Amino acid sequence: MKTFVIKGLNLLLIGGVLMGYQSYAKDRQKEVDAHREEEREAKKAWAELEANKVTYMDGKFRGTGTGYGGDVVTEVTIQDGKITAIEVIEGKKETPEYLEAAKKLIPDVVDFQSVDVDVVTNATLSSNAILDGICEALEESKNNEK
């Protein structure tokens, strides 16, 4: 009788573990399916962006943004329709430390080919001035397209 009870308890224990695992597996499968759907949506959105991608005319274009101390002038170089270089030409009235810190966002703009990048903490106004100048320069490149 004792053996029967032990075997019965073991069977119940194993059954409980299997049921718990099955529940976990179903939940995990839902997570995997949701992740796959997110990936599909992201790929679809990326394809749409690529299809509607703006092309820029090659050359050097200047734009101006307003920082804490005044105007910040940037020069954007476009080669083969892509941003290849960005230089801050003028920002005399900006606090030099903040302007230098804000320039750290320039490689991100070039790498991502977008002004949709994070501004530099503690140099927000200078960062926004640089980004505004880049946007203006890019608009000039689009307006000059033939």
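About the criteria used
What you see as residue numbers is a count from 1 along each chain, following the sequence as written. Restriction of local features to residues with pLDDT of at least 70 applies here, the model being predicted, together with a cutoff of 80 or more for giving and counting side-chain atom pairs; totals for whole chains, interfaces and linings are based on all residues. Excluded from the side-chain calculations are hydrogens and water; all other atoms, namely the structure's heavy atoms, are used. Per the convention used, a helix needs a DSSP run of H or I reaching at least four residues, while a strand needs a run of E reaching at least two, with both numbered from the N terminus. Using a 1.4 Å probe on the protein chains alone, a residue whose accessible area is under 20% of its type maximum counts as buried, one over 50% counts as exposed, and one in between counts as partly exposed. The contact criterion used is simple: two residues touch if any of their non-hydrogen atoms lie within 4.5 Å. Accessible surface is estimated by sampling points in the Shrake-Rupley manner with a 1.4 Å probe; for residues, cover comes only from the protein chains shown. Neither His nor the chain termini are counted; the positive set is Lys and Arg, and the negative set is Asp and Glu. A charged residue contributes its charge at one atom only: NZ of Lys, CZ of Arg, CG of Asp or CD of Glu.

K.L.:
Would you mind going over the overall build of the protein chain with me for this structure?
P.N.:
From N to C terminus, the protein chain includes four helices and three strands. Counting from the amino terminus, the protein chain carries its helices and strands in the arrangement α-β-β-β-α-α-α. Projected onto its principal axes, the C-alpha positions of the protein chain cover 95 × 40 × 20 Å. Across the 146 residues of the protein chain, 25% fall into the buried class. Restricting the contact set of the protein chain to residue pairs at least 6 apart, pairs at least 24 apart contribute 47%. Carbon and sulfur atoms form 55% of the exposed surface of the protein chain, whose accessible area is close to 10,700 Å². Distance between charge centres in the protein chain, computed from 19 positive and 27 negative side chains, equals 11 Å.

K.L.:
Hey, could you run me through the side chain of Ser126 in this one?
P.N.:
Among the structural elements, Ser126 can be located in helix α4 (residues 124–143). Apart from the residues lying within four places of it in its own chain, the contact partners of Ser126 are Glu94, Tyr98, Leu99 and Ala102.

In short, geometric facts, not functional conclusions.
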